[in-house]
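# A look at the structure
Below are the chains, spelled out letter by letter.
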Amino acid sequence: MYVIVGLGNPGSKYEKTRHNVGFQVLDCLAEEYRIGINQRKHRALCGAGMIEGSKVLLVKPQTYMNLSGECVREVVDFYKIDPQEELLVIYDDISLEPGQLRIRKKGSAGGHNGIKNILLHLGSEVFPRIKIGVGAKPEGYDLADYVLGHFSGEERDTMQKAYEQAAKAAAAILTEGPDKAMNLFNQKQ
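To keep things clear, this report deals only with the structure shown in the data block. The structure displayed is predicted, hence computed values, not measured ones. (Residues numbered from 1 in each chain as written. Predicted model: local features only at pLDDT ≥ 70, side-chain atom pairs only at ≥ 80, totals over all residues. Heavy atoms only, no water.)

## Examining the overall build of the protein
Secondary structure summary: the protein contains 7 helices and 7 strands in total. Radius of gyration (C-alpha) of the protein: 15 Å, near the 16 Å computed for a compact globule of 189 residues. Seen through its principal axes, the protein has C-alpha atoms that stretch 45 × 30 × 30 Å. The buried share of the protein, reckoned over its 189 residues, is 54%. (Helix = DSSP H or I, 4+ residues; strand = E, 2+ residues; numbered from the N terminus. Rg over C-alpha atoms; globule rule 2.2 N^0.38 Å. Buried < 20%, exposed > 50% of the residue type's maximum accessible area, 1.4 Å probe, protein only.)

Dropping the structure here:
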């Protein structure tokens with residue numbers, strides 16, 4: 001089984017903010033593959049189903065971003081999965097242009113508190129991830145205010161396309177593996 005975790009913050013206040021792009025991609029996957037993300041377990045909203053012939057669990061942690069690792073650790077332990085081979089984490093990245101994707105098989109947190117907490121709880125940097133660019137914070141902005149802010153009108157279209165591309169990238173990771181997916185999706189759009 002493959003566990004796909006989309007990072008974000010629970011509640012309507014945070015819907016469609018820059019920090020919630022992981023949730024948005026899971027919504028695209030859920031719609032495309034008819035998976036209901038409506039079970040409350042492991043301090044998350046979860047949905048089990050099939051993506052391109054692979055059994056998956058879609059996970060939206062409800063622990064708030066900075067404690068995402070608590071949920072991820074619980075899921076990894078419960079299902080006895082190997083994070084290096086059976087976990088995929090999808091999240092926002094301020095170092096990438098809005099809508100740009102970057103797939104990696106491992107890496108540091110890069111200042112992302114949700115990833116930092118996952119690294120802490122897993123004790124490893126080795127797990128596949130899809131980073132989705134939300135753009136750098138403008139000069140003078142507080143980082144927290146920026147990532148918890150909403151996209152502008154023209155950015156929304158770009159981001160919707162990015163969510164759809166990231167969903168395709170996630171499916172490609174399941175069917176083709178991370179290396180092939182990196183070759184297909186790590187180019188600038």
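## Observations concerning a negative patch on the surface
Side chains of Glu-31, Glu-32, Glu-52 and Glu-164 sit close together on the surface and give a patch of like negative charge. By secondary structure assignment, the location of Glu-52 is in the loop between β3 (44-51) and β4 (54-61). For Glu-52, a relative accessible area of 48% puts it in the partly exposed group. (Patch = residues over 30% accessible without salt bridge, like charges linked within 9 Å, V, L, I, M, F, W, Y side chains within 5 Å. Areas by Shrake-Rupley, 256 points an atom, 1.4 Å probe, with all protein chains shown as cover. Salt bridge = Lys/Arg side-chain N within 4 Å of Asp/Glu carboxyl O. Lys, Arg positive; Asp, Glu negative; His and termini not counted. Charge placed at Lys NZ, Arg CZ, Asp CG, Glu CD.)

## Describing the nonpolar core
Membership of the largest hydrophobic core comes to 36 residues, with the highest contact counts inside it found for Ile-4, Ile-51, Leu-58, Ile-130 and Ile-132. Here this core takes 11 residues from helix α6 (residues 153-176), the largest share from any one element. If we skip the residues at most four places from it in the chain, Ile-132 touches Val-21, Val-25, Ile-90, Tyr-91, Asp-92, Asp-93, Gln-100, Leu-101, Met-159, Ala-162 and Ala-166. In terms of nonpolar packing, the next biggest core, distinct from the first, is built from 22 residues, Leu-7, Val-59, Ile-115 and Phe-127 among them. (Core = buried A, V, L, I, M, F, W, Y, C linked by side-chain atoms within 4.5 Å. Contact = heavy atoms within 4.5 Å.)

## Observations regarding the pattern of salt bridges
Counted according to the given criterion, the structure contains 7 salt bridges. Between Glu-70 and Arg-43 there is a salt bridge, with its nearest N and O atoms 2.9 Å apart. Of the two residues, Glu-70 sits in helix α2 (residues 68-79) while Arg-43 sits in the loop between β2 (39-41) and β3, which places them 27 residues apart along the sequence. What makes Glu-70 partly exposed here is its relative accessible area of 24%.

## Things to note about the packing of aromatic side chains
Inspection of the entire model under this criterion finds 3 aromatic pairs. With a centroid separation of 6.2 Å and 80° between ring planes, the pair formed by Tyr-14 and Tyr-64 is classed as edge-to-face. Within this pair, whereas Tyr-14 is found in the loop between β1 (2-6) and α1 (21-32), its partner Tyr-64 is found in the loop between β4 and α2, the two being separated by 50 residues in sequence. On the numbers, 6.2 Å between centres and 90° between planes, the contact of Tyr-141 with Tyr-146 is edge-to-face. Relative accessible area serves as the criterion here: at 46%, Tyr-141 is assigned to the partly exposed category. In this structure Tyr-146 comes out as buried when scored by relative accessible area, which is 5%. Here Arg-18 stacks its cationic end above the ring of Phe-151, 5.2 Å away from the centre of that ring. Of note, Arg-129 hangs over the ring of Phe-127, and the distance from its end group to the ring centre comes to 4.1 Å. (Phe/Tyr/Trp six-rings, centres within 6.5 Å; stacked < 30°, edge-to-face > 60°. Lys NZ or Arg CZ within 6 Å of the ring centre and 35° of its normal.)

## Details of the side chain of Ser-68
Positionally, Ser-68 belongs in helix α2. Classification of Ser-68 by relative accessible area gives buried; the value is 0%. At a separation of 2.7 Å, a polar atom in the side chain of Ser-68 contacts the main-chain carbonyl oxygen of Met-65. Beyond its immediate chain neighbours, meaning those up to four positions away, Ser-68 contacts Leu-7, Thr-63, Gly-114, Asn-117 and Ile-118. (Polar contact = N/O pair within 3.5 Å; in protein donor to acceptor, adjacent residues only side chain to side chain.)

## Some words on the pairing of strand β7 (residues 129-133)
A large share of β7 lies buried, amounting to 5 of its 5 residues. Taken together, the 5 bridges between strand β5 (residues 87-93) and β7 define a ladder with parallel strand orientation. Within the sheet, the bridge partner assigned to Asp-92 lies in β7 and is Ile-132. Pairing of strand β6 (residues 101-104) with β7, which is carried by 4 bridges, proceeds in the antiparallel orientation. Pairing of Leu-101 across the sheet is with Ile-132, part of β7. (Pairing = 2+ DSSP bridges.)

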